[in-house]
Each structure stands twice: as C-alpha cells, then as structure tokens.
Amino acid sequence: MVFRQHKDKDDKELMELFYKDGDNEWLGILLQRYTMLLFGVCMKYLKNEEEAKDSVQQIFLKVIDELKKYKVEYFKSWLYMVAKNHCLMKFREKGRFNAELQEGMITSFKEQEDEVFLQKEKSLTWMEGAIKQLNPEQKKCINLFYLEKKSYQQVADETGFSMMQVKSHIQNAKRNLRIQMERMQQNEE
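Here's a quick rundown of the structure. Predicted model, so just to flag it, every value in this text is computed and none were measured.

**Observations regarding the packing of helix H9 (residues 152-159) against helix H10 (residues 163-188)**
Contact pair H9 / H10: the axes reach a minimum separation of 9 Å and the direction vectors enclose 105°. Here H9 lies roughly perpendicular to H10, going by the angle between them. Contacts from Tyr152, Gln153, Val155, Ala156 and Thr159 in H9 reach Met163, Val166, Lys167 and Ile170 in H10. Looking at the contact of H9 with H10, its residues break down into 6 nonpolar, 2 polar and 1 charged.

Written out as structure tokens, the structure is:
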C-alpha cells in the first residue's frame, strides 16, 4: 500500500521522509528500487550467485543500521559505495588476497572512492545552491529541461515562453551556473 502511493517519489524525498519519521517503509521502497544494482555489484566482485544474494541481504541490514547514524544526501551513490566496500571486505574474510596486498588495495580503493564521492557530493551541493540563485525563468527552464528531461517544445508549452526564449533562458542559466560554481570552488580553496 505505501509502496504504490509513494513509488513516484525520488530518492531525496524518500530519505527526507525516513529522517523525519524513522519509518523503515521508506527505506524499503529505496532498497527495492536498487536491489538489482546491489545484486549486480555483488556479482561483479564475488562471482557467485548465492554469495551475492546473501551479500545483498547483509547490505540491506547494514544500510538500515547506518542510516540511523548518518544523514546521507545522495542515496544511490552512497549505497553503491557501501556495496563495493562490503564485497572488498568479503575478500578479506576469505583470504583471497595476500593480506598486505589486500589491505593496500582496500585502503587505496576506499581513499579514491571517498575522494570521488565527496567531490561529487560537493559539486551537487554547489549546483543546488547555484540553481537557487538563478532568476525564476531560468530556474524553471533548467529544471524542466535537465531535471525533468523535457524537450524544448515541452518546456515552451509548459511555461508559455517562445522556443527562442526557452533556449535563451537555458543558455543563460548554464552560463550563470558555471560562473556561480566557479565562484563557490574558488571560495572553498
């Protein structure tokens, strides 16, 4: 019942609902949405269907536990990282690698992955902030075109702008977003 009513909500909305009321139903919807992704990641690393299925269940439990401790902004990226780290830890348990080599690999992978993940998180945060600073016409056109994946014509129909106005608003918004994000990056350095 809950799933049918809320399957159209995006990840961020579901996470907000979970953090608001702590109801695991919201996580259930998210985890069901990404079960095949998790299974694919586990198969890629573990190369064993039963072990991959077991790992997916273990990851579900870990996710439920971890999300009660930490606030996650981008669920899919975070979930992928949790799954990958889980699989690497399975290698450690089975002694599939020389212990020193494995420890070095896990540390290296984790550092690289954490750095990439944090940079993506930072860029997305900057992008959200930059979008808020656009004028209303640019913001509307950018949201419809890029986030809702609508065509120029669909954006024009929905906003009442001419096709040329839509293209102009999108082009100006892209330029303004680039400028704002460069400023944010410079301010951080």
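**Considerations on the layout of surface pockets**
As a volume, the largest pocket reaches approximately 670 Å³. Along the walls of the largest pocket sit 18 residues, with Lys12, Tyr74, Leu124, Glu128 and Leu147 positioned nearest its centre. Secondary-structure elements contributing two or more residues to the lining of the largest pocket are helix H2 (11-21), helix H6 (75-94), helix H7 (99-132) and helix H8 (136-147). Looking at the lining of the largest pocket element by element, the count peaks at 5 residues for H7.

The rules behind each value
- Residues numbered from 1 in each chain as written.
- Predicted model: local features only at pLDDT ≥ 70, side-chain atom pairs only at ≥ 80, totals over all residues.
- Heavy atoms only, no water.
- Axes fitted to C-alpha atoms, helices over the stretch in contact; angles between N-to-C directions.
- Helix = DSSP H or I, 4+ residues; strand = E, 2+ residues; numbered from the N terminus.
- Parallel < 35°, antiparallel > 145°, perpendicular 65-115°, else oblique.
- Contact = heavy atoms within 4.5 Å.
- Nonpolar A, V, L, I, M, F, W, Y, C, P; charged D, E, K, R; others polar.
- 1 Å grid on protein atoms, 1.4 Å probe; cavity = no way out; pocket = protein on both sides within 12 Å on 5 of 7 lines; lining within 4 Å.
- Points joined across faces, edges and corners; volume = space filled by probe spheres on them.

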